Amino acid sequence: ASALVVEAGIRVLYIEGTLRAEYGALVDRFLAKDPDLEFCALVQTRPNVFLRRTNMSDANFAAIPTDQESIDRFDVFILGDIDSSYIRAAQQEMFLKRVRAGAGLLMLGGYHSLGPGGYEGTAIGEILPVRLGGRDIGQITEPFLPVLTPDGTRHPIFANISDFFPSRQSPEPKTAGLPALNGCTRVEGLKPNAIALATFGADEAAMPVLAVAPADKGRTAVFVGDTTRNWQQGPKALDQDSPFTRFWGQMVRWLAGRGAAVDLGAGITAAVNKAYFEPEEQVELTAVVRNQEGQGAADAKVTAKAVEYKVTKQRDGLWLYLTALLHVLFNDL
(Lines give C-alpha, C1' and ligand atoms only; values in the text may rest on other atoms or scores of the structure.)
Protein backbone atom coordinates (compact mmCIF):
# COMPACT_ATOMS: atom_id res chain seq x y z
CA ALA A 1 0.00 0.00 0.00
CA SER A 2 1.03 3.61 -0.38
CA ALA A 3 0.61 6.51 2.02
CA LEU A 4 0.92 10.24 1.73
CA VAL A 5 3.12 12.27 4.02
CA VAL A 6 0.85 14.74 5.77
CA GLU A 7 1.02 17.52 8.32
CA ALA A 8 1.85 16.61 11.89
CA GLY A 9 -0.99 15.55 14.16
CA ILE A 10 -3.41 18.11 15.54
CA ARG A 11 -2.86 18.91 19.22
CA VAL A 12 -6.02 19.36 21.28
CA LEU A 13 -6.38 20.77 24.81
CA TYR A 14 -9.76 19.79 26.30
CA ILE A 15 -10.75 21.34 29.64
CA GLU A 16 -13.84 20.19 31.58
CA GLY A 17 -15.13 21.66 34.81
CA THR A 18 -17.08 18.58 35.91
CA LEU A 19 -16.77 14.83 35.43
CA ARG A 20 -19.80 14.57 33.14
CA ALA A 21 -20.89 12.20 30.40
CA GLU A 22 -19.54 14.37 27.59
CA TYR A 23 -16.03 14.16 29.04
CA GLY A 24 -16.04 10.36 28.92
CA ALA A 25 -17.54 10.31 25.44
CA LEU A 26 -15.05 12.76 23.94
CA VAL A 27 -11.96 11.32 25.62
CA ASP A 28 -12.66 7.58 25.43
CA ARG A 29 -14.71 7.44 22.22
CA PHE A 30 -13.05 10.16 20.17
CA LEU A 31 -9.78 11.77 21.28
CA ALA A 32 -8.12 8.55 22.41
CA LYS A 33 -9.13 6.71 19.20
CA ASP A 34 -8.41 9.25 16.48
CA PRO A 35 -4.90 8.45 15.24
CA ASP A 36 -4.41 11.95 13.81
CA LEU A 37 -4.80 13.66 17.18
CA GLU A 38 -2.60 14.30 20.16
CA PHE A 39 -4.54 15.46 23.19
CA CYS A 40 -4.38 16.56 26.78
CA ALA A 41 -7.69 16.39 28.65
CA LEU A 42 -8.09 18.05 32.04
CA VAL A 43 -11.22 17.46 34.13
CA GLN A 44 -11.84 19.30 37.39
CA THR A 45 -12.60 16.86 40.22
CA ARG A 46 -12.84 19.55 42.90
CA PRO A 47 -12.15 23.30 42.77
CA ASN A 48 -8.83 23.90 40.98
CA VAL A 49 -7.86 20.20 41.18
CA PHE A 50 -7.70 18.44 37.80
CA LEU A 51 -7.34 14.87 36.59
CA ARG A 52 -5.26 14.55 33.41
CA ARG A 53 -5.63 12.14 30.48
CA THR A 54 -3.17 12.49 27.62
CA ASN A 55 -1.29 10.69 24.86
CA MET A 56 1.38 13.41 24.77
CA SER A 57 4.68 12.58 26.48
CA ASP A 58 5.41 16.26 27.12
CA ALA A 59 2.02 17.32 28.55
CA ASN A 60 2.73 17.47 32.27
CA PHE A 61 0.08 19.99 33.23
CA ALA A 62 -1.50 19.54 36.64
CA ALA A 63 -3.95 22.37 35.90
CA ILE A 64 -4.92 24.81 33.15
CA PRO A 65 -1.66 26.16 31.65
CA THR A 66 -0.63 29.59 32.86
CA ASP A 67 2.13 30.42 30.36
CA GLN A 68 1.95 31.35 26.69
CA GLU A 69 4.55 28.80 25.62
CA SER A 70 2.46 25.87 26.88
CA ILE A 71 -0.76 27.22 25.37
CA ASP A 72 0.94 27.86 22.01
CA ARG A 73 1.69 24.13 21.66
CA PHE A 74 -1.96 23.39 20.93
CA ASP A 75 -3.94 23.78 17.72
CA VAL A 76 -7.44 23.41 19.15
CA PHE A 77 -8.98 24.25 22.52
CA ILE A 78 -12.23 22.70 23.75
CA LEU A 79 -13.78 24.33 26.81
CA GLY A 80 -16.49 22.26 28.47
CA ASP A 81 -18.59 22.86 31.57
CA ILE A 82 -16.06 25.05 33.37
CA ASP A 83 -16.98 28.34 35.03
CA SER A 84 -15.16 31.46 33.87
CA SER A 85 -13.90 32.04 37.42
CA TYR A 86 -11.47 29.13 36.98
CA ILE A 87 -9.75 30.70 33.94
CA ARG A 88 -8.12 33.92 35.00
CA ALA A 89 -8.22 37.00 32.78
CA ALA A 90 -4.51 36.69 31.96
CA GLN A 91 -5.00 33.05 30.90
CA GLN A 92 -7.96 33.97 28.74
CA GLU A 93 -5.86 36.54 26.92
CA MET A 94 -3.21 33.87 26.27
CA PHE A 95 -5.82 31.57 24.72
CA LEU A 96 -7.08 34.43 22.55
CA LYS A 97 -3.58 35.28 21.37
CA ARG A 98 -3.07 31.70 20.20
CA VAL A 99 -6.49 31.56 18.52
CA ARG A 100 -5.93 34.81 16.66
CA ALA A 101 -2.60 33.43 15.45
CA GLY A 102 -4.33 30.44 13.83
CA ALA A 103 -5.69 28.01 16.43
CA GLY A 104 -9.33 27.03 16.99
CA LEU A 105 -11.54 27.45 20.07
CA LEU A 106 -14.78 25.57 20.80
CA MET A 107 -17.01 26.10 23.84
CA LEU A 108 -19.58 23.45 24.74
CA GLY A 109 -22.91 23.93 26.43
CA GLY A 110 -23.27 23.20 30.14
CA TYR A 111 -24.63 24.45 33.44
CA HIS A 112 -21.32 26.27 34.09
CA SER A 113 -20.27 27.38 30.59
CA LEU A 114 -21.35 30.07 28.12
CA GLY A 115 -23.76 32.54 29.79
CA PRO A 116 -24.42 30.42 32.91
CA GLY A 117 -20.65 30.18 33.38
CA GLY A 118 -20.20 33.93 33.48
CA TYR A 119 -18.39 34.31 30.15
CA GLU A 120 -20.46 37.29 29.01
CA GLY A 121 -18.09 40.27 28.93
CA THR A 122 -14.93 38.18 29.35
CA ALA A 123 -12.12 37.96 26.79
CA ILE A 124 -13.20 34.47 25.73
CA GLY A 125 -16.85 35.48 25.63
CA GLU A 126 -16.09 38.36 23.31
CA ILE A 127 -14.45 36.14 20.69
CA LEU A 128 -17.23 33.50 20.59
CA PRO A 129 -19.75 33.58 17.70
CA VAL A 130 -22.90 34.01 19.83
CA ARG A 131 -24.29 36.50 22.34
CA LEU A 132 -24.15 34.55 25.58
CA GLY A 133 -26.46 36.34 27.97
CA GLY A 134 -26.04 36.42 31.73
CA ARG A 135 -25.69 33.71 34.34
CA ASP A 136 -29.47 33.44 34.65
CA ILE A 137 -30.15 32.71 30.96
CA GLY A 138 -30.89 29.06 31.77
CA GLN A 139 -31.16 25.77 29.93
CA ILE A 140 -33.56 24.06 27.53
CA THR A 141 -34.43 20.57 28.79
CA GLU A 142 -36.56 19.47 25.84
CA PRO A 143 -35.02 16.61 23.79
CA PHE A 144 -34.25 17.61 20.20
CA LEU A 145 -32.10 17.02 17.15
CA PRO A 146 -30.25 20.04 15.76
CA VAL A 147 -31.76 21.33 12.53
CA LEU A 148 -29.16 22.07 9.87
CA THR A 149 -29.27 25.43 8.14
CA PRO A 150 -28.41 25.72 4.43
CA ASP A 151 -24.90 26.75 5.53
CA GLY A 152 -24.74 23.72 7.80
CA THR A 153 -25.59 21.18 5.13
CA ARG A 154 -22.67 22.48 3.04
CA HIS A 155 -20.16 22.93 5.86
CA PRO A 156 -17.10 20.63 6.29
CA ILE A 157 -18.18 19.80 9.87
CA PHE A 158 -21.21 17.96 8.43
CA ALA A 159 -19.47 16.38 5.44
CA ASN A 160 -21.03 12.97 4.73
CA ILE A 161 -23.21 13.09 7.88
CA SER A 162 -25.86 15.72 7.10
CA ASP A 163 -28.42 12.99 6.33
CA PHE A 164 -28.54 12.07 10.04
CA PHE A 165 -30.06 15.46 10.87
CA PRO A 166 -33.25 17.30 9.97
CA SER A 167 -32.78 20.44 7.91
CA ARG A 168 -34.85 23.41 6.85
CA GLN A 169 -35.28 21.74 3.47
CA SER A 170 -35.99 18.26 4.91
CA PRO A 171 -37.86 18.18 8.26
CA GLU A 172 -37.17 14.45 8.67
CA PRO A 173 -33.60 13.07 8.57
CA LYS A 174 -32.86 11.03 5.48
CA THR A 175 -31.09 8.52 7.74
CA ALA A 176 -33.39 7.77 10.65
CA GLY A 177 -32.52 6.59 14.13
CA LEU A 178 -30.14 9.17 15.59
CA PRO A 179 -31.05 9.71 19.28
CA ALA A 180 -32.05 13.20 20.37
CA LEU A 181 -29.90 15.40 22.56
CA ASN A 182 -31.33 15.81 26.05
CA GLY A 183 -31.35 19.60 25.88
CA CYS A 184 -29.01 22.57 25.50
CA THR A 185 -27.79 25.82 27.01
CA ARG A 186 -29.64 28.95 25.96
CA VAL A 187 -27.86 31.73 24.09
CA GLU A 188 -29.25 35.05 22.91
CA GLY A 189 -28.34 34.81 19.22
CA LEU A 190 -25.66 35.21 16.58
CA LYS A 191 -23.06 37.93 16.46
CA PRO A 192 -22.77 39.86 13.17
CA ASN A 193 -19.71 37.97 11.89
CA ALA A 194 -21.01 34.49 12.77
CA ILE A 195 -22.82 31.74 10.85
CA ALA A 196 -25.36 29.32 12.33
CA LEU A 197 -24.80 25.76 11.10
CA ALA A 198 -27.55 24.18 13.23
CA THR A 199 -30.46 25.56 15.25
CA PHE A 200 -33.05 24.63 17.86
CA GLY A 201 -36.03 24.38 15.54
CA ALA A 202 -36.38 25.10 11.83
CA ASP A 203 -37.42 28.75 11.92
CA GLU A 204 -34.95 31.20 10.41
CA ALA A 205 -34.91 33.09 13.72
CA ALA A 206 -34.35 29.90 15.76
CA MET A 207 -31.68 29.85 18.45
CA PRO A 208 -28.27 28.68 17.17
CA VAL A 209 -27.10 25.30 18.43
CA LEU A 210 -23.83 25.23 16.47
CA ALA A 211 -22.33 28.52 15.32
CA VAL A 212 -18.92 29.39 13.89
CA ALA A 213 -16.96 32.58 13.24
CA PRO A 214 -13.48 33.69 12.14
CA ALA A 215 -11.05 35.18 14.65
CA ASP A 216 -8.22 36.83 12.70
CA LYS A 217 -6.22 33.79 11.47
CA GLY A 218 -8.10 31.38 13.76
CA ARG A 219 -11.65 30.08 14.15
CA THR A 220 -14.18 29.86 16.96
CA ALA A 221 -17.29 27.75 17.49
CA VAL A 222 -20.02 27.22 20.07
CA PHE A 223 -21.98 23.97 20.39
CA VAL A 224 -24.67 24.41 23.03
CA GLY A 225 -26.07 20.86 22.98
CA ASP A 226 -26.18 18.44 25.87
CA THR A 227 -23.91 15.39 25.75
CA THR A 228 -23.47 13.71 22.37
CA ARG A 229 -22.72 10.38 24.04
CA ASN A 230 -26.21 9.30 22.97
CA TRP A 231 -25.11 9.64 19.35
CA GLN A 232 -22.35 7.12 19.96
CA GLN A 233 -23.96 4.64 22.37
CA GLY A 234 -27.44 4.36 20.88
CA PRO A 235 -26.53 3.48 17.28
CA LYS A 236 -23.65 1.26 18.42
CA ALA A 237 -25.98 -0.82 20.60
CA LEU A 238 -28.20 -1.38 17.55
CA ASP A 239 -25.22 -1.98 15.23
CA GLN A 240 -26.14 1.12 13.23
CA ASP A 241 -23.97 3.79 11.65
CA SER A 242 -23.42 6.93 13.71
CA PRO A 243 -22.18 10.46 12.92
CA PHE A 244 -20.41 10.75 16.29
CA THR A 245 -16.84 10.08 15.18
CA ARG A 246 -17.08 12.11 11.99
CA PHE A 247 -18.90 15.01 13.66
CA TRP A 248 -16.19 15.48 16.28
CA GLY A 249 -13.32 14.60 13.96
CA GLN A 250 -14.46 17.09 11.34
CA MET A 251 -15.19 19.69 14.02
CA VAL A 252 -11.62 19.52 15.34
CA ARG A 253 -10.08 19.46 11.87
CA TRP A 254 -12.08 22.49 10.78
CA LEU A 255 -11.11 24.38 13.94
CA ALA A 256 -7.46 23.56 13.24
CA GLY A 257 -7.77 24.81 9.67
CA ARG A 258 -7.65 21.33 8.17
CA GLY A 259 -11.15 20.86 6.87
CA ALA A 260 -10.86 17.43 5.25
CA ALA A 261 -13.65 14.93 5.83
CA VAL A 262 -12.93 12.06 8.21
CA ASP A 263 -12.37 8.73 6.48
CA LEU A 264 -13.63 5.82 8.56
CA GLY A 265 -12.02 3.14 6.41
CA ALA A 266 -8.73 1.34 6.96
CA GLY A 267 -5.58 3.11 5.83
CA ILE A 268 -2.28 4.74 6.68
CA THR A 269 -1.00 8.30 6.89
CA ALA A 270 2.53 9.33 7.73
CA ALA A 271 4.48 12.47 8.59
CA VAL A 272 8.17 13.36 8.58
CA ASN A 273 9.66 15.64 11.21
CA LYS A 274 10.63 18.38 8.72
CA ALA A 275 10.62 19.12 4.99
CA TYR A 276 14.35 19.33 4.18
CA PHE A 277 17.23 17.09 5.20
CA GLU A 278 20.96 17.14 4.70
CA PRO A 279 22.51 14.16 2.94
CA GLU A 280 22.83 11.16 5.27
CA GLU A 281 20.75 12.88 7.93
CA GLN A 282 18.37 10.62 9.84
CA VAL A 283 14.71 11.03 8.94
CA GLU A 284 12.09 10.67 11.66
CA LEU A 285 8.86 9.22 10.30
CA THR A 286 5.60 8.90 12.21
CA ALA A 287 2.89 6.66 10.76
CA VAL A 288 -0.66 6.10 11.94
CA VAL A 289 -2.65 3.03 10.91
CA ARG A 290 -6.45 2.92 10.95
CA ASN A 291 -8.46 -0.27 11.27
CA GLN A 292 -11.69 -0.93 9.37
CA GLU A 293 -13.60 1.37 11.77
CA GLY A 294 -11.19 4.25 11.20
CA GLN A 295 -9.67 3.99 14.68
CA GLY A 296 -6.02 3.63 15.59
CA ALA A 297 -4.71 0.08 15.20
CA ALA A 298 -2.46 -0.34 18.23
CA ASP A 299 -0.87 -3.65 17.15
CA ALA A 300 -0.07 -2.76 13.55
CA LYS A 301 3.48 -3.35 12.31
CA VAL A 302 4.72 -0.71 9.89
CA THR A 303 7.85 -0.36 7.77
CA ALA A 304 8.48 2.42 5.28
CA LYS A 305 10.86 3.06 2.40
CA ALA A 306 11.30 6.28 0.44
CA VAL A 307 11.17 5.33 -3.23
CA GLU A 308 11.38 8.75 -4.85
CA TYR A 309 13.38 11.81 -3.89
CA LYS A 310 14.75 14.96 -5.39
CA VAL A 311 18.07 16.71 -4.73
CA THR A 312 18.13 20.48 -5.02
CA LYS A 313 21.18 22.77 -4.90
CA GLN A 314 21.36 25.70 -2.55
CA ARG A 315 24.21 28.09 -1.96
CA ASP A 316 25.21 26.33 1.25
CA GLY A 317 25.37 22.89 -0.31
CA LEU A 318 23.14 19.99 -1.20
CA TRP A 319 19.86 19.38 0.60
CA LEU A 320 17.71 16.30 0.23
CA TYR A 321 14.01 16.99 -0.27
CA LEU A 322 11.71 14.03 0.35
CA THR A 323 8.67 13.84 -1.88
CA ALA A 324 5.27 12.85 -0.51
CA LEU A 325 5.39 9.32 -1.94
CA LEU A 326 6.19 6.53 0.50
CA HIS A 327 5.73 2.79 0.17
CA VAL A 328 4.37 1.51 3.46
CA LEU A 329 3.99 -2.18 4.17
CA PHE A 330 1.76 -3.22 7.03
CA ASN A 331 0.07 -6.24 8.58
CA ASP A 332 -1.68 -7.40 11.77
CA LEU A 333 -4.53 -4.87 11.32
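For clarity, every value in this text was computed on a predicted model and none was experimentally measured.

With respect to the overall build of the chain
- Looking only at helices and strands, one finds seven helices and 21 strands in the chain.
- Every one of the 333 residues in the chain was classed for burial, and the buried ones make up 47%.
- For the chain, restricting intrachain contacts to residue pairs at least 6 apart in sequence, the fraction spanning at least 24 positions comes to 64%.
- Accessible surface for the chain amounts to roughly 15,900 Å². Of this, 48% is attributable to carbon and sulfur atoms.

As for unusual backbone geometry
- The phi torsion at Asn48 lies on the positive side, around 65°, for a residue other than glycine.
- One can find Asn48 in the loop between β3 (37–46) and β4 (49–54).
- Relative accessible area serves as the criterion here: at 53%, Asn48 is assigned to the exposed category.
- A positive phi angle, near 65°, is found at Asn160, a position not held by glycine.
- Of note, Asn160 is situated in the loop between α5 (150–154) and β10 (184–185).
- Looking at Asn160, the relative accessible area reads 61%, which means it is exposed.

Comments concerning helix α3 (residues 89–100)
- Taking 1.5 Å per residue, twelve residues should reach 16 Å; α3 reaches 16 Å between its end C-alpha atoms and fits that length.
- By the burial criterion, the buried members of α3 are Gln91, Gln92, Met94, Phe95, Leu96, Arg98 and Val99.
- Where α3 terminates, the next one or two residues include Gly102, which has phi positive at roughly 135°.

Here's the deal with the pairing of strand β13 (residues 207–215)
- Within β13, eight of the nine residues are buried, leaving the element largely enclosed by the surrounding structure.
- As defined by bridge partners, strand β12 (residues 195–200) adjoins β13 across five bridges and the pair is classed as antiparallel. Of the residues in β13, the one forming a bridge with Ile195 is Val212.
- The sheet contact formed by β13 and strand β14 (residues 218–223) spans six bridges and is antiparallel. Bridged to Ala211 within β14 is Val222.
- If you look at the hairpin formed by β13 and β14, you'll find two residues sitting between the two strands, and Asp216 has a positive phi there, around 55°.

Structural notes on the packing of aromatic side chains
- This model, assessed by the stated rule, comprises 13 aromatic pairs.
- Ring centres of Phe158 and Phe247 lie 5.8 Å apart, and the angle between their planes is 50°; this geometry places the pair in the tilted category. Taken together, the residues Phe158 in the loop between α5 and β10 and Phe247 in helix α7 (residues 244–255) connect sequence positions 89 residues apart. Each of the two residues, Phe158 as well as Phe247, counts as buried.
- Measuring from centroid to centroid gives 5.6 Å for Trp231 and Phe247, while their planes differ by 85°, and the two rings are edge-to-face. Of the two residues, Trp231 is situated in helix α6 (residues 229–237) and Phe247 in helix α7; the sequence distance between them amounts to 16 residues.

Examining the confidence of the model for the chain
- Residues at a pLDDT of 70 or more form 73% of the chain, whose mean pLDDT is 83.
- In this model residues 269–277 is a low-confidence stretch, pLDDT under 50, and it forms 42 contacts with partners more than four residues away in sequence or in other chains.
- A low-confidence stretch, residues 290–298 stays under pLDDT 50, and its non-local contacts, those more than four residues away or across chains, total 32 contacts.

With respect to the pattern of salt bridges
- Scanning all chains against the criterion turns up twelve salt bridges.
- Arg253 is the salt-bridge partner of Asp36, the closest N and O atoms lying 2.9 Å from each other. On the criterion of sequence distance, the pair formed by Asp36 in the loop between α1 (21–29) and β3 and Arg253 in helix α7 is long-range, its members being 217 residues apart.
- Of the residues examined, Arg253 reaches a relative accessible area of 8% and is grouped as buried.

Brief notes about the sheet that holds strand β2 (residues 10–16)
- Read across the sheet, nine strands follow the order β4-β3-β2-β5-β6-β14-β13-β12-β9 without closing on themselves; strand pairing throughout is mixed. This sheet does not close on itself; its edge strands, each paired only once, are β4 and β9 (147–148).
- Pairing between β2 and β3: seven bridges, direction parallel. Counted as the bridge partner of Glu16 is Val43 from β3.
- Where α3 meets the sheet, its contacts fall on β2, β5 (76–79), β6 (104–108), β13 and β14, and the angle it forms with β14 comes to roughly 120°.
- Packed on one face of the sheet, α7 meets β2, β3, β5, β6, β13 and β14 and runs near 145° to β14.

Conventions and cut-offs
- Along every chain, residues carry numbers that run from 1 in the direction the sequence is written.
- With pLDDT at 70 or above as the cut-off, local features in this predicted model cover only qualifying residues; side-chain atom pairs require 80 or more to be listed or tallied, and sums for whole chains, interfaces and linings still use all residues.
- Side-chain figures throughout are based on the complete set of non-hydrogen atoms in the structure, without hydrogens or water.
- Only DSSP runs of H or I reaching four residues or more are called helices, and only runs of E reaching two or more are called strands; each is numbered from the N terminus.
- Partly exposed describes any residue whose relative accessible area lies between the buried limit of under 20% and the exposed limit of over 50%, with all areas from a 1.4 Å probe on protein chains only and scaled to the type maximum.
- Residue contacts are defined here by distance: any two heavy atoms, one from each residue, within 4.5 Å place the two residues in contact.
- All accessibility values rest on the Shrake-Rupley procedure with a 1.4 Å probe; residue burial counts only the protein chains present in the view.
- Multiplying 1.5 Å by the helix residue count minus one yields the expected span of that helix.
- At least two bridges found by DSSP between two strands is the condition for calling them paired.
- For this analysis, a ring pair means two rings from Phe, Tyr or Trp (six-membered ring only for Trp) whose centres lie within 6.5 Å, classed as stacked if their planes differ by under 30 degrees, edge-to-face if by over 60, and tilted for the remaining angles.
- Confidence of the prediction at every residue is given by pLDDT, a number between 0 and 100.
- Take a side-chain nitrogen of Lys or Arg and a carboxyl oxygen of Asp or Glu: if they are within 4 Å of each other, that pair is a salt bridge.
- Axis definition: a line fitted to C-alpha atoms, over the contacting stretch in the case of helices. Angles run 0 to 180 degrees between N-to-C directions.

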